[in-house]
Amino acid sequence: MTNKQKKSLILISVSATLYIIFQFIDFDSFGAHGYLIEAACYFVPYILCGASLLRKAALNIFSGRIFDENFLMAVATIGAFVLSLISNHGDHGHAHSSAGERAIVVILYRVGTFVESIATEKSRRSISELVDILPEYANLLKNGELVTVDPDEVSIGDVIVVKAGEKIPLDGKIIEGSSSLNTAALTGESNPLRVTEGDRVISGSINNEGVLKIEVETDYENSTVGKIVDLIEDATAKKAKTESFITRFAAIYTPVVVGAAVILAVFPPLLGAHGGFMEWIERSLSFLVSACPCALVISVPLAFFGGMGAASKKGILIKGASHLENLAKMKVCLFDKTGTLTKNKMKMTMLYD
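Residues numbered from 1 in each chain as written. Predicted model: local features only at pLDDT ≥ 70, side-chain atom pairs only at ≥ 80, totals over all residues. Heavy atoms only, no water.

J.: Describe the packing of helix H1 (residues 3–23) against helix H2 (residues 34–62), with residues and values.
T.: Packing of H1 against H2 leaves a shortest axis separation of 9 Å and a crossing angle of 165°. On the basis of the axis angle, H1 is roughly antiparallel to H2. The handedness of the crossing between H1 and H2 is left-handed. Between H1 and H2, the residues in contact are Leu11, Ile12, Val14, Ser15, Leu18, Tyr19, Phe22 and Gln23 and Cys41, Tyr42, Val44, Pro45, Leu48 and Cys49, respectively. (Axes fitted to C-alpha atoms, helices over the stretch in contact; angles between N-to-C directions. Helix = DSSP H or I, 4+ residues; strand = E, 2+ residues; numbered from the N terminus. Parallel < 35°, antiparallel > 145°, perpendicular 65-115°, else oblique. Left-handed = near helix turned anticlockwise from the far one by under 90°. Contact = heavy atoms within 4.5 Å.)

Laid out in structure tokens, this is it:
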């Protein structure tokens, strides 16, 4: 669990505890201003769990991305708090329920985002663990001495030294030494690969024995390991058709919901419906909270990301959500890895048109 997640868990625990305590307090015993005291008390758990929500909503407004779930939740809950203070001078019991309801809505929303972050982090960790081929350093031969540097600091034409047990940090050609390489993490081949002077080697392989001097032929960004890392980093950026549809849907749905809430707050009382403006404004705020599309916006990408994380635990790297979506439509799969996945005795079992 990250420090951010620990902080979120503490805020949720404190807020939930305060909410439960306030439920057992009779704020009517404080007299005419009991509803103000209650609103102030419930504002504490609200702001503890809702500060990040309000901050995101504000940042999105300034960046031009106004209509999202953060905006809906912020407007609905803040509006409800203000409305409860304005409308409850003579209806204290209603004020007590309103302030508590808005606080618990934000607490539950924070619980949902916390669970989402845990699931996302777990999947991201699984994907990262798949790429244990990532080299941490390179032994650069410079002026006859070995200097330990980051792999991205090595240039094409430089000579690096790889000792027994170390990972080859960059693609290149062996200019001195011979050894056997473990390439299982890259190719799935369990048998060691024998290499000697003049042979080309790829980054991510593990040197089993001896010392190799390698002339670097590619920079880190274009090396085998670099390209694999890029695939992983871009995996979540490639949206599936379902994700793209949800994004487009939310962009249209959210403004429509806001417009409907405004109509609900204004027109019924003007047309003589039962209840005053305050009652219909509160109904519109409740409508905003209930109509928040966070379930769609959050759950669909999380489902794809969780699927890629689960696959990575089995050693399967999926390049993006679109490829995972296509897997659901797959009917035939052909593996070409004789000796590891298949045997050298093929036979046809079914013929497809």
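J.: Describe the packing of aromatic side chains, listing the residues and the values that go with them.
T.: For the structure on display, the rule yields three aromatic pairs. Taken together, a centroid distance of 5.7 Å and an interplanar angle of 55° make the contact between Tyr19 and Tyr42 tilted. Placement of Tyr19 in helix H1 and of Tyr42 in helix H2 is noted, with a sequence separation of 23 residues between them. One exposure class covers both Tyr19 and Tyr42, and it is buried. Seen from their ring centres, Phe43 and Tyr46 are 5.7 Å apart, and the 35° between their planes marks the pair as tilted. Of the two residues, Phe43 and Tyr46 both sit in helix H2, three residues apart, roughly one turn of that helix. On the basis of relative accessible area, Phe43 is assigned to the partly exposed category, the value being 40%. (Phe/Tyr/Trp six-rings, centres within 6.5 Å; stacked < 30°, edge-to-face > 60°. Buried < 20%, exposed > 50% of the residue type's maximum accessible area, 1.4 Å probe, protein only.)

J.: Let's hear about the sheet that holds strand E9 (residues 212–216): which residues, and what values?
T.: Strand-to-strand pairing in sheets goes through backbone hydrogen bonds, with the strands running parallel or antiparallel. Read from one edge to the other, the open sheet built from six strands follows the order E2-E1-E3-E9-E4-E7, with strand pairing classed as antiparallel. The strands lining the two open edges of the sheet, one partner per strand, are strand E2 (145–149) and strand E7 (200–201). Note that strand E3 (residues 159–162) and E9 share four bridges and pair antiparallel. Looking across to E9, one finds that Val159 is bridged to Glu215. (Pairing = 2+ DSSP bridges.)

J.: Can you explain unusual backbone geometry? Please cite residues and give values.
T.: Located in the positive-phi region is Asn143, a residue other than glycine, with phi close to 55°. Positionally, Asn143 belongs in the loop between strand E1 (138–142) and E2. What makes Asn143 exposed here is its relative accessible area of 75%.

J.: I'd like a description of the sheet that holds strand E6 (residues 193–195), backed by residues and values.
T.: If you walk across this open sheet you meet the three strands as E6-E5-E8, and the pairing is antiparallel. In the strand order of this sheet, the two ends are held by E6 and strand E8 (206–207), each with one partner. As paired elements, strand E5 (residues 179–182) and E8 share two bridges and run antiparallel to each other. Within the sheet, the bridge partner assigned to Leu181 lies in E8 and is Asn207.

J.: I'd like a description of the environment of Leu170, backed by residues and values.
T.: Its place among the elements puts Leu170 in the loop between E3 and strand E4 (172–176). Each C-alpha atom, one on Leu170 and one on Ser155, is 9.8 Å from the other, the two residues being 15 residues apart in sequence. Apart from the residues lying within four places of it in its own chain, the contact partners of Leu170 are Pro151, Val154, Ile160, Ser203, Val216, Thr218, Asp219, Tyr220 and Ser223.

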